[in-house]
Each structure stands twice: as C-alpha cells, then as structure tokens.
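A structural walkthrough
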Amino acid sequence: MLPDSTTGLTSRTASVLSYLGWWVTGLIFWALERRDTAVRFHAAQSTITFGALALLIIILGLFGLVMLSFAPSGFLFFTGAAFVVWIGSVVLWLVALWQASQGKRWRIPLAANLAEAWSRTSASSSS
C-alpha cells in the first residue's frame, strides 16, 4: 500500500502524529504535507486548538503570578483555572488522538471551520 501523505506515512499515521505533540507537531505536519487534505485538516486543527489552549494556560498562569503581588487569593483562582484548562486540554487531546487513530475526521468545535479553510487554501496554493 502506497502512502497517501507526502510525508511518506499513511494518512492515518500522519493524522495521529499531527496531534501527538500538541500544536508543535500540528504545525510541522501542516507545513510539510502538501497532498493529503485529511492530514492537513488534522494538522491545522491541532495547531489551532492546542496552540490556543496552550496560550490560554500560559496567560492564566501569568495572571496568577501577577496576582501574588496584588491579591494573593487571585493567585489560587488563576492557577486553578489554568490547571482546569490543562486537564480539559489533555482530555480533548486524548479524544482527538483516538479519533484520528480510527481514521475519523473529527471536528473540534470552533477550530474545525478555520482548520478546514487552512487545509484547503494552503494545499491548493502550493500545488
């Protein structure tokens, strides 16, 4: 069986690897893949979703650190919120990995429409 992906991997394997390292591997596969729209979709969705969640966790953590100087009770709130977002992100990540390993084009709300646009336009413009 010939690989569908320009990365030399099967479509399913490349899709799973797009999620494996959160937004980092998503960005790598989005940049490398030129032919397989399913891989490009998963890579773009990984980059958008887990990049935004990582940024949110960092922002909440920084707010928590700033609150140490002004309102120490705010520290617990913001670091607790960052922890809750992180736990939710890990659960979402595991579901995304599972869905991609099953060969499904699972759509994460809010990120899927943008990922769909990213996977189409960049692939067609580089052909």
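Residues numbered from 1 in each chain as written. Predicted model: local features only at pLDDT ≥ 70, side-chain atom pairs only at ≥ 80, totals over all residues. Heavy atoms only, no water.

Points about the overall build of the protein chain
Rules: By definition, any uninterrupted DSSP run of H or I lasting at least four residues is a helix, any uninterrupted run of E lasting at least two residues is a strand, and each is numbered from the N terminus. With a 1.4 Å probe rolled over the protein chains alone, any residue whose accessible area is under 20% of its type maximum counts as buried; one over 50% counts as exposed, and the rest are partly exposed. Residue contacts follow a heavy-atom distance rule, with two residues in contact if any of their heavy atoms lie within 4.5 Å. Computed with the Shrake-Rupley method and a 1.4 Å probe, the accessible areas treat only the protein chains shown as cover for residues. Under the counting rule used here, the positive set is Lys and Arg, the negative set is Asp and Glu, and His together with the chain ends is not counted. A charged residue contributes its charge at one atom only: NZ of Lys, CZ of Arg, CG of Asp or CD of Glu.
A count of helical and extended segments in the protein chain gives 5 helices and 0 strands. Reading the secondary structure of the protein chain in the N-to-C direction produces α-α-α-α-α. Taking the principal axes of the C-alpha coordinates as reference, the protein chain spans close to 60 × 30 × 20 Å. Within the protein chain, the proportion of its 127 residues that are buried is 38%. The contacts in the protein chain between residues at least 6 apart in sequence include a share of 65% that link residues at least 24 apart. With the model as given, the accessible surface of the protein chain reaches about 7200 Å², and the carbon-plus-sulfur share is 75%. Taking the average place of the 8 positive charges on the side chains of the protein chain and the average place of its 4 negative ones, the gap between the two points comes to 4 Å.

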